[in-house]
Amino acid sequence: MTDQITTVGVIGCGTMGSGIAEVCARAGYTVVVREIDGDAIEAGLARIRQSMDRAVDKGKLEAGDRDTAFGRIKGTTSYDDFKTCDVVIEAVPEKLDAKQELFRSLDSLLPPHAILATNTSSLPVIEMAVQTGRPSRVVGLHFFNPAPVMGLVELVKTVVTDGDVLDMSKNFAGTLGKTPVVCGDRAGFIANLLLFPYLNNAAKMVESGFATREDIDAAMQFGCGHPMGPLALLDLIGLDSTFEILDAMYRQFRETVYAPAPLIRQFVTAGFLGRKTARGFYPYEESGSPRVKESGHHGRELPAGAGSHIRKIGVLGSGTMANGIAEVAAKAGYQVVLRARSKQRTSESQAKIAKSLGKAVERGKMTQEQLDATLGLVETTTEMNAFSDCDLIIEGIAEELDIKVEHFRQLDAIAPEHAIIASTTSSLPVVALAAATNRPEQVVGMHFFNPAQVMKLVEVVRTVRTSEETVDAVFAAGKKMGKHCVVCPDRAGFIVNALLFPYLNDAVKMLESGYATAEDIDSAMKLGCGHPMGPFALLDIVGLDVSLQIINSLYEEFREPGYAAAPLLEHLVHAGYLGRKSGRGFFTY
Ligand SMILES: NC(=O)c1ccc[n+]([C@@H]2O[C@H](COP(=O)([O-])OP(=O)(O)OC[C@H]3O[C@@H](n4cnc5c(N)ncnc54)[C@H](O)[C@@H]3O)[C@@H](O)[C@H]2O)c1
């Protein structure tokens, strides 16, 4: 059926319009793209050309194919050129009245068979469809930014969309090399409804001074494997579009999580719209450039000799995290003593560390001699007294406050006066552990990610009593272990979990509402946002019980109604469907 489509019209050649025009031309369609004036069309075509050049530089496009594709695109300021279009996709700014006006004019101009599509991210497609005499031939074709790269297209059907039109649009998206996911006509569709509250939260974190833009972005990249951090992504999307999208979601759902962070409005008012104006959360070298202007920020400045007194590290615990941390510390050359509750557990930890190092040797990442030397640095014991000559002790035992407090009391009594005591807790207040000791200024959070051997991030959690020297020393030790450290205050969820878990919870609510399937939601987030896995695959790995506990602790801390745990998540936990570890969670294994 798509052989009926030969000419595609694109209205607007901004961030999205230029990307959509490029994608269509590269797929072999003749493309007409309209802008409001000559300068805008020139700028838009230049953007397309630059993007194609980048694809050639990266070896993703032949120079000859680039020229042919570029030759298929005609820029115009007139509507007359659209008379021969089979599909027209609009990508003008996110304002309903402007889009409605555009749909009325296009309808009177286009041949009767033409399909009219909107690239809106958040406005009701039906409101545009009813402006035309062909509401059944109107769909949403929601591309993701950058359109030439992202593999997803959300295909939005309204209550009047014709089945044939839907099929044709699906095929059309397929010919563009995109995976279409069909969804209902609701603000935000799948991906944005989950993505934007997360981005908004990140903006609120910067606004409140909770963490720096660099640390927030690094945390999500290194802690979750996202291709870019939320603030860099906001700059790419455009802060004006972001404001409109959040605002439209807020108007539809009336929930505070969608209310745009005041900082976003202030940036928009000041004309700081992100990359396109060379300034947003970050300053860029020039308009449209992805290169951040030298900001002078190179992470935390450590004083000379910071952490140099740390030679021996104690690890309390013998679980997944404790074993991983002991291994990482020994690999960095530290002397390590790991204390477990029983003889059996000490030998299990030894065996696990040896096995993990053995794999590194198999993969050629380490020699047998290095393995032997590393293992030689790790001592295991059942005695708490073994910590009496440690400079840094990292606690990695059960996530229960009473148990941790009791152990901090014991550690405080045993550890040398100068020693730092760190906790790997992911959800408990570190200050409560500090208060159990006589050295609160030397107590800090060191939140490693699982598996500690692989994940590069460590969140260094500073309580109201932690000294700067302690933070510096722990940063230096983290760095020596090859980790990227970020610093944040002692607030539930720190950076990563506070941003990640409300998003995961929202995904469960979306599934529960029947709007989309777990498979569709997972593919939307993978293909539309480049996440390494979708929310349900991730929840199943983390464990539904652990996830529920983190979501509840966030709700307790912030009392944000939108953070209340999704009932479906609670039910699955009650049913014993805990994810991969129990063979069934959102998916069955
Ligand atoms: N930015 C994103 O990441 C993203 C992703 C998916 C969808 N969208 C949606 O795409 C649409 C466009 O957003 P954008 O980020 O590309 O905005 P943009 O501001 O970068 O581009 C919009 C362009 O449309 C032009 N324009 C306005 N009226 C016009 C008209 N009547 N005829 C021709 N051109 C006209 C403007 O001059 C501007 O260049 C919005 O609906 C937005 O919600 C944006």
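Residues numbered from 1 in each chain as written. Predicted model: local features only at pLDDT ≥ 70, side-chain atom pairs only at ≥ 80, totals over all residues. Heavy atoms only, no water.

Caption draft 1: Molecular detail of the sheet that holds strand 3 (residues 73-76). Strands sit in the order 3-2-1-4-5-6-7-8 across an open sheet of eight strands; the sheet is mixed. Each end of this open sheet is capped by a strand with a single partner; those strands are strand 3 and strand 8 (179-184). Shown here is a sheet whose adjacent strand axes are inclined to one another by a mean of 25°, direction ignored. Bridge count between strand 5 (residues 115-118) and strand 6 (residues 138-143): three bridges; the pairing is parallel. Looking across to strand 6, one finds that Thr-118 is bridged to Gly-140. The sheet strands contacting helix 6 (residues 163-175) are strand 1 (7-11), strand 4 (87-90), strand 5, strand 6, strand 7 (152-157) and strand 8, and the helix crosses strand 7 at an angle near 170°. (Pairing = 2+ DSSP bridges. Helix = DSSP H or I, 4+ residues; strand = E, 2+ residues; numbered from the N terminus. Axes fitted to C-alpha atoms, helices over the stretch in contact; angles between N-to-C directions. Contact = heavy atoms within 4.5 Å.)

Caption draft 2: Up close: the packing of aromatic side chains. For the structure shown, the criterion picks out eight aromatic pairs. A centroid spacing of 6.1 Å and a plane angle of 85° characterise the contact between Phe-558 and Tyr-563, whose relative ring orientation is edge-to-face. A relative accessible area of 10% places Tyr-563 in the buried class. Aromatic ring contacts, followed pair by pair, group Phe-267, Phe-272 and Phe-281 into a single cluster. Directly above the ring of Tyr-79 sits Arg-34, whose terminal nitrogen or CZ lies 4.0 Å from the centroid. (Phe/Tyr/Trp six-rings, centres within 6.5 Å; stacked < 30°, edge-to-face > 60°. Buried < 20%, exposed > 50% of the residue type's maximum accessible area, 1.4 Å probe, protein only. Lys NZ or Arg CZ within 6 Å of the ring centre and 35° of its normal.)

Caption draft 3: Looking closely at the site of the ligand. Neighbouring the ligand are 23 residues, the closest being Met-16, Arg-34, Glu-35, Glu-94 and Lys-99. Gly-12 places a main-chain nitrogen or oxygen 3.5 Å from a nitrogen atom of the ligand. Contact between the ligand and Asn-119: an oxygen atom at 2.9 Å from a side-chain N or O atom of the residue. Here the ligand, which alone exposes 840 Å², has 86% of that area covered by the protein. Only helix 1 (15-26) and strand 6 provide two or more residues apiece to the shell around the ligand. Residue composition of the shell around the ligand, by class: nine nonpolar, nine polar and five charged. (Near = heavy atom within 4 Å. Polar contact = N/O pair within 3.5 Å; in protein donor to acceptor, adjacent residues only side chain to side chain. Areas by Shrake-Rupley, 256 points an atom, 1.4 Å probe, with all protein chains shown as cover. Nonpolar A, V, L, I, M, F, W, Y, C, P; charged D, E, K, R; others polar.)

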